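Structural overview for review
Here is how the chains run, residue by residue.
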Amino acid sequence: GKITSAVQLGGTLDNPSIALTGEITEGAIASYPVQNLALDVALSDRVLTITKFAGTQGDGSFSAVGTADFDGAANVDIAVSDIALGMLTRFAGVEQEVTGTVSLTAHIGGQTQHPEADLKLTAKNGGTNGATFDDLTGEAQLRGSVIRLNQLTVTKYIDGIAYAASAHGTLPLRALTADRDETLDAYDQLDLTIALDNADLSLIPVFSNQVEWALGRTEGSLKLHGTLAVPRLDGTVRVTGGALKVKYLENPVTDMQIQIDALGDSVVVRSCTGRMGAGSYMMTGHMELSGVEPTDYDFTLVMNDLAIKTTFFDGPLSGSLHLTEDEYWGEKLPKLSGTIDIDRALVSIPSIPETDDALPHIILDVGLTVDRHVHFFSANLYDIHPSGYVHFGGTTHHPRTTGSIGVRRGDTVSYLRTVFKIREGTATFNQPESFLPEIAFYAEARLTHTRVYLSANGPLAHMDFRLGSSPEMSEEEIIRMLTLRNAYRNGEGGITAADVLSIGLQMSILSEVEDSVKNFLHLDVLRLSSGSGSLFETKDDEEIKKNENEYNIEIGKYFGDRVLVRYVQGLGAASDKHRYGIQYDFNERFGISYDREGSDQLIGIEARIRF
């Protein structure tokens, strides 16, 4: 800030005297704005005298008065009332934004070279990373080279009930600054007790920004010994009937039962079970502590139909994962191995970040099985039921993937608002340094008197789409035929800006409407398409012209995993076309169908043969 002041200098170079009076009207301390800071400070004969050091911060205030003889005693009092808590945490080296207000009183006495201090503080409505606590109180003393923590309590109120975690004990300054290889006597080591009997899991979000909320009473206590560089932890923590909500997952974890034992330089998870939706999980394991770094860890997680719901996955998840430590090209890294089974899930393939620091560096040895009831769906692109096996190896920074996933007979893709039936389709996981597969599929659609062929090849993020037809036409002609039937048949010129707008509206807004309605009605198939919807082709130009403004809607529902019942209704002003049918799949390769349209009937047999 800007200061208006008067300074008087005197004394000698070896023993100077300085007297400063002044005011800072607007300024900042630790990036927090302060106002009306008044100063009256003097140094004379190696004695610092603070007559006035006072200002305001937000709705609070702070001040300090007293003397400090550099060759003798100190007697300084500091008072803070309702200033921003983040102002103090910034001084303590905490870079994260911290909310709340704090009040404290501190007295510094003893000898200036070896001071003694007494501190009392109270913080309210504080928090960080979106999580909050209601009250924090603390009382500590510095005597000699030891901080005596008489009390430090964090409290959160839930439905009028107070849940608190507390700590007390001694913190020798040698224990806070000792190196990892130093051995200290017992009286120079930490002796801190952390009591959790009145605590609650709702305090977890204060320490982790990946947890939105948590609840559940905890039991037990922990004792901290050793040094800050090489701590030793003893005690037991138990949780019964807990719950928490992890970011990015819509369903919370419930019925949590946990017992963790700390055995000095190791931690053992005796039991850790819970539920997510109708599914459950169980985790056990142990790890050693090398200082504050975990080592020699061995954890196993067993999942049984966990109800996972995210923006790109909705369905049960089963499998077993094993986390250990291993080496990769001479570097010690965590290793994740095991199997994951996906069935009866709705999936839309997400965009996976390619940056090295987006994921932690972990060795991978994980197999993924996609069963035949999985549904991959995107309103703008695909509606398929894939199955197959993929293995993820290498590391998260340098993945090596193998395996493939194939689609079932009768799956579809949507392109330019036209539904194409896939004849062949595979996703082969063979891309170096990538989790994404290479796609190869071939599909076709039948339009009045034309067959249109769609093929796509290449990595998922950069697929090369190609259109063909019989009789043969250019890609621009095919696009116009698929999206702008009237203009195409009337022989108008190239695609205009209005045409592009029309295509965009069809591919975005209508697809979102279809997706929402389908989910609301619990349908497996809902499509809005151009044309009358008739099963039977016609070569009659008059009939084509008559139906050129018509659309149709198709709905379908699976009963079990083999029987599909469907109904198609024309939507044109003069349309009376409607048909209904049933399809039965013997397996992924063969099926039969029956459709009826007025007095016409069609029995179909469809086969998918690879050679």
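Residues numbered from 1 in each chain as written. Predicted model: local features only at pLDDT ≥ 70, side-chain atom pairs only at ≥ 80, totals over all residues. Heavy atoms only, no water.

1. Section: the pattern of salt bridges
The test is simple: By salt bridge we mean one thing: a side-chain nitrogen of Lys or Arg within 4 Å of a carboxyl oxygen of Asp or Glu. Comment: elements are numbered from the N terminus, with helices defined as DSSP H or I runs of at least four residues and strands as E runs of at least two. Between buried and exposed lies partly exposed: a residue is buried under 20% and exposed over 50% of the maximum accessible area for its type, with that area taken using a 1.4 Å probe on protein chains only.
Applying the stated criterion to the full structure yields 17 salt bridges. A salt bridge links lysine 124 to aspartate 135; the shortest N-O distance between them is 3.3 Å. Separated by 11 residues along the polypeptide, lysine 124 in strand E8 (residues 114–128) and aspartate 135 in strand E9 (residues 131–143) bring together distant segments of the chain. The class of lysine 124 is partly exposed, set by a relative accessible area of 44%. Residue arginine 270 pairs with aspartate 261 through a salt bridge whose shortest N-O separation is 2.8 Å. For aspartate 261, a relative accessible area of 10% puts it in the buried group. Within the structure, one salt-bridge network assembled from shared partners comprises Lys421, Arg423, Glu444, Arg451 and Glu606.

2. Describing the nonpolar core
Selection rule: Residues belong to one nonpolar core when they are buried, are Ala, Val, Leu, Ile, Met, Phe, Trp, Tyr or Cys, and are joined through side-chain atoms within 4.5 Å. For this analysis, residues touch if any pair of their heavy atoms sits within 4.5 Å.
Counting residues in each nonpolar core, the largest one holds 58 residues, and the members touching the most others are Ile342, Val413, Phe420 and Leu467. Ranked by the residues each element gives to this core, the list is headed by strand E19 (residues 293–309), at 5 residues. Setting aside residues no more than four positions away along its own chain, isoleucine 342 makes contact with Phe313, Leu317, Leu368, Thr369, Val370, Asp371 and Val374. With 20 residues, the next largest nonpolar core counts Ile24, Ile29, Leu85 and Val154 among its residues.

3. Considerations on a nonpolar patch on the surface
Keep this limit in mind: Patch membership requires more than 30% relative accessible area and the absence of a salt bridge. Residues of like charge join within 9 Å; the nonpolar side chains Val, Leu, Ile, Met, Phe, Trp and Tyr join within 5 Å. The accessible surface values rely on the Shrake-Rupley method and a 1.4 Å probe; as for residues, cover is taken only from the protein chains in view.
Together, Tyr584, Phe586, Phe590, Ile592, Ile605 and Ile609 give the surface a local cluster of nonpolar side chains, amounting to about 620 Å² of exposed area. Inspection of the secondary structure puts isoleucine 605 in strand E38 (residues 600–607).

4. Section: the packing of aromatic side chains
Each pair of aromatic rings is reported with the distance of its centres and the angle of its planes. Defined as follows: Aromatic rings from Phe, Tyr and Trp, taking only the six-membered ring of Trp, are treated as a pair when their centres fall within 6.5 Å; an angle between ring planes under 30 degrees marks them as stacked, one over 60 as edge-to-face, and anything in between as tilted.
In this structure the tally under the stated criterion is 5 aromatic pairs. On the basis of an interplanar angle of 75° and a centroid distance of 6.3 Å, the ring pair of phenylalanine 392 and phenylalanine 429 is categorised as edge-to-face. Remark: phenylalanine 429 occurs in the loop between strand E29 (418–428) and strand E30 (438–447) and phenylalanine 392 occurs in strand E26 (residues 386–394); sequence separation between them is 37 residues. Judged by relative accessible area, phenylalanine 429 falls into the buried class, the value being 10%. Taken together, the aromatic side chains of Phe392, Phe429 and Phe435 make up a single cluster linked through ring pairs.

5. Some words on the confidence of the model for the protein chain
Rules: The predictor rates its confidence in each residue with pLDDT, a number between 0 and 100.
Mean pLDDT over the protein chain stands at 83; residues scoring 70 or higher make up 83%. Within the model, the stretch residues 353–357 combines pLDDT values under 50 with 5 contacts to residues more than four positions away or in other chains. With pLDDT under 50 throughout, residues 486–490 is counted as low confidence; its partners more than four residues away or in other chains account for 11 contacts.

6. Points about the environment of glutamate 597
As for its position among the elements, glutamate 597 is in strand E37 (residues 590–597). It is 9.4 Å that separates the C-alpha atoms of glutamate 597 and valine 568, two residues lying 29 residues apart in sequence.

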